Amino acid sequence: MNGSGRLLLSFAGVTLIAAVAAAQATKPAVTPPVTSTQKPNDEGATRKLVAPVRGEAELGYLKPISKREGNMIVTTIKVKNLSAGAIAGLKVDEFWYDKAGEPVTGAQPFRWRKPLQPGEVIDVVLKVPTNPKMDRNQYKFEHANGTIKTKLLPRM
C-alpha cells in the first residue's frame, strides 16, 4: 500500500472512532425512577414518595424512657407519623424547669433530616446535662412547614 492509501485508511479509522464516540455521547442517560424509596425496616418493600404536610402534622409517641448516664440524662422517645403526608424537617426540643417554673437547662435539639413518611417509626434521642435544680421537663415538637399535634399511644 502506498503512502496516500495508508493516510486515507488512517483517516477513515479515526473518523469511524469519532463517529462511534459521538453516537455514545448522544444516547440519553438511563436513570432509576424517583417514584419509590425503600424503608430500611421493610424487607424489600417499596413505597411511593409522599408530599410533605403543610401546617399541623400529627405525631404519635410512646411514653419517653429516661436514663441517667454519667452526668447526662438520656431520653428516648419512639415516635410514629400519623399524618397522611410526610413530615419534613422534624425537630424535637426538651426543656427542664425548676420547682418555681424557671428554665434550668435543655437538650440539643433532635433533628430528623429525611422526610418522616406516613406510618414510619423512629427513635428520638435527647441528651441533657444534669442539674440539681431539675424538677420537670417539657418536649416541643415542630417541623419545617408548621406545628405538630402529639398523641400518646399505648403501643405501636
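Residues numbered from 1 in each chain as written. Predicted model: local features only at pLDDT ≥ 70, side-chain atom pairs only at ≥ 80, totals over all residues. Heavy atoms only, no water.

Caption draft 1: Looking closely at the environment of Pro115. Mapped onto the elements, Pro115 comes out in the loop between β8 (110–112) and β9 (121–129). Residues Pro115 and Pro52, 63 residues apart in the sequence, show an inter-C-alpha distance of 7.4 Å. Sequence-distant contacts of Pro115, defined by excluding residues within four places in its chain, comprise Ala86, Ile87, Ala88 and Glu120. (Helix = DSSP H or I, 4+ residues; strand = E, 2+ residues; numbered from the N terminus. Contact = heavy atoms within 4.5 Å.)

Caption draft 2: Seen up close, the side chain of Asn81. Structurally, Asn81 is set in strand β5 (residues 72–81). Its relative accessible area of 2% is what places Asn81 among the buried residues. Here the side chain of Asn81 touches Ser83 through a polar contact of 2.8 Å, landing on its backbone nitrogen. Apart from residues lying up to four places away in sequence, Asn81 is in contact with Glu58, Leu59, Ala86, Ile87, Leu116, Gln117, Pro118, Gly119 and Glu120. (Buried < 20%, exposed > 50% of the residue type's maximum accessible area, 1.4 Å probe, protein only. Polar contact = N/O pair within 3.5 Å; in protein donor to acceptor, adjacent residues only side chain to side chain.)

Caption draft 3: Structural detail: the nonpolar core. Ranked by size, the top nonpolar core spans 21 residues in total, and within it Leu59, Val79, Leu90 and Val124 carry the most contacts. Those elements that place two or more of their residues in this core are β3 (57–61), β5, β6 (90–97) and β9. Examining the composition of this core, we find that 4 residues originate from one element, β9, more than from any other. (Core = buried A, V, L, I, M, F, W, Y, C linked by side-chain atoms within 4.5 Å.)

So, to be careful, I would describe these as geometric facts and stop short of saying anything about function.
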